[in-house]
Structures are given as C-alpha cells and as structure tokens.
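Chain residues, written in single-letter form:
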Amino acid sequence: MKKLIASLMSLGVLASGSLSWADALLINGAGATFPFPIYSKWFDEFHKSKPDVQFNYQSIGSGGGIRQISAKTVDFGASDGPMSDAQLEAAPGYILHFPTVLGGVVPIYNVEGVATKLNFSQKAIAGIFLGTITMWNDPAIQEANPDAKLPGAAIVVVHRSDGSGTSYCWTDFLTKISGQWAARVGKGTSVNWPVGLGGKGNEGVAGLVKQTPNSIGYVELIYASQNKIDYGLLQNKAGKYVICSSASVAAAAATAKMPHDFRVSITNPPGDDAYPASTFTWLLIYQNPPNKAKGKELVEFLNWMLSDGQKFAEDLGYVPLPASVVEMEKAAIGKIKV
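Thresholds, definitions, all that
- Residues numbered from 1 in each chain as written.
- Predicted model: local features only at pLDDT ≥ 70, side-chain atom pairs only at ≥ 80, totals over all residues.
- Heavy atoms only, no water.
- Salt bridge = Lys/Arg side-chain N within 4 Å of Asp/Glu carboxyl O.
- Buried < 20%, exposed > 50% of the residue type's maximum accessible area, 1.4 Å probe, protein only.
- Helix = DSSP H or I, 4+ residues; strand = E, 2+ residues; numbered from the N terminus.
- Core = buried A, V, L, I, M, F, W, Y, C linked by side-chain atoms within 4.5 Å.
- Contact = heavy atoms within 4.5 Å.

### Let's talk about the pattern of salt bridges
Here's step 1: Per the stated rule, a full pass over the model turns up 13 salt bridges.
Here's step 2: Of the charged contacts, one joins D162 and R160 as a salt bridge, the two residues approaching to 2.8 Å between their closest N and O atoms. Across the pair, exposure class does not vary: D162 and R160 are buried alike.
Here's step 3: Across the pair D172 and K187 runs a salt bridge, and its minimum N-O distance is 3.7 Å. In this pair, D172 sits in helix α7 (residues 165-177) while K187 sits in the loop between α8 (179-184) and β8 (197-199), placing the two residues 15 residues apart along the sequence.
Here's step 4: Owing to a relative accessible area of 47%, K187 belongs among the partly exposed residues under this scheme.
Here's step 5: Bridged by salt links that share partners, the residues K41, D44, E45 and K48 form one connected network.

### Section: the nonpolar core
Here's step 1: Counting 104 residues, the largest nonpolar core has I125, F129, W170 and F280 as the members making the most contacts within it.
Here's step 2: The leading source of residues in this core is strand β5 (residues 95-110), at 9 residues.
Here's step 3: Once residues within four sequence positions are removed from consideration, F129 is found in contact with V157, V158, W170, L174, W181, W193, P194, V195, G217 and Y218.

Here's what the structure looks like:
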C-alpha cells in the first residue's frame, strides 16, 4: 500500500478503464495529501459507474490546492484547512467548501528505548514545537509518562515544509492551547516554525521521523499507521489523554456547530472522549464552474460521495461525515450553477 501511494503521488491519480484519456471527460484536481488514499478509491469507483469520466488528482498539499483552484488551473481543489476570508476574496469567483471525511493529526515520534505510547500534555506539546522544551526527559513530558524511561536526549522537531492542511489543523490546535504559540506563530497552512526540520507531505514527515532518532513530528493518522510509526495520546480540553481513533474523532465532530459555508474548526473541543487535533477535509469548487460539463460531473460526484462514497471511509482509516453534515451538503450542492 505504501509503495502504491508513493508511486501514485508522483504521477497523480487517474481513474483507469477501457476508455483512453482522449475519449473521456478529464476532471483535474490538486491539493491535500491526507485524503489522497480515499480520493484515489473514490475516483476509481466513480469511474466504474461512469466510464466516460476520469479524474486526475495531484497530491501536492493543501496550500498548493488552494493556489491552483484560485488560479483556475484545476477544476477542483482540496484542503484540510478552510480558505481564509482573504483567500476567498482574492479568488476570481466564489469558491464553495464541501467536507468529504474526517480525520485526526497525531504526534509521531522515534525515541530511543521507548516502545510504548506516550502521553503529551497540552503544555508539553506546545513547548516542544515552540522549542522551549528541548529534552525528552524534561519534567513536563516525564510527569505524564511516569513509567517511561525517557532518554536525556535532545528533541528533534519535524514539521511540514510545504503548505499543508495537516499543518493548519496542528497549528490551529496549538494556537488554542498556548497563548505563547498564538502570539508568536499562529495558525495557517504555512507558518514560521520556531524550530525543526521540514519534510514535504505527510509522507515526508513520516519518513524523516522514522529515520531520525529522538525526533517528533505530526501526520494524519493513516500515514502513521501505514508507516508503522509510534504515535502518542494528546491531552484534550477536558484534561483527558485521548488516542486518535474513529470514535474520538467522531466525538470531536459531534460538538461542532456547522456553519452554512462549512468552514469550521473542531480542534480542542469539549468532551471527555474528543480527540483535540481532529479536522474535516474539504473539496473546493467554484459556485459558477468555468466548464459546465465538468461542473455537472462534479455535482454528480459530490452526490455519490455523500452516499455510496462514505461507505469506503472506515476501511481506509477515515471517519465518515455526520448525517447532519451530509444533509446540509446535499442542500448546498444546489448552489453550484451548472
């Protein structure tokens, strides 16, 4: 699976079939790496039902997806972080957000001599990424892990080098739990990281952590699982240490008040069982698509994604959309002018 994802990412995703590129209507998209595996599956399954439609998706990161849809060089974008008001205003037309699935961002680590799951308090995780906590045996980490034999080794922080919705989720979480982080760094798909090494894509961060002793980074859960990298529990708003899972991400989403434009943050929500670094991921589509034929197929795909498509989510490590969000989206699809 890992090799397949790597090869597809270098080439883009083309839903293949008996028709050639020239025979089919080709819909181009680009953006987030987190939903890449499920988008690959969806595009292939949708193509089976409609052989005359093919999707080509370049997994280049959420920042790239926002830039390309804003420049109209693709038919749709994809992002794990919603576009800002300024980005929407700068675009040459109104862009709609459509949530597709949910997931969680996890702290992955490679600590010599530690093979158990570590607990990260909000104070500790913010301090590590700020660079104010620099050693693995710092009391802020040890106190939450009394049975772990943490080494007196320097922490190597790894972060994304590209514009990333995964970074948006992670920095949004850090902004909510640390006033110092909010004042010094803030949230965004790209930020000025106080410390650390940069890796391109979720796969780049996972690879760097895997090969760098005493390192820590953040990736979407599916990439930690696929790469068999240790990941820890995060302390949530209720003070509980929670592992990222379908249930804990769903618990985070359950408290959200979804706005009509679907641009919502669900990091650090209330609830004992809620995972604090959870996020929706979105498709970005012009309300008035430049190509009406492609717009009609995107509308059909969105309706399919909200029904049959959701059935593939859990098997691929994602969390399906809440029923209430699905109903809101079905109504919002009618805004697309095709």
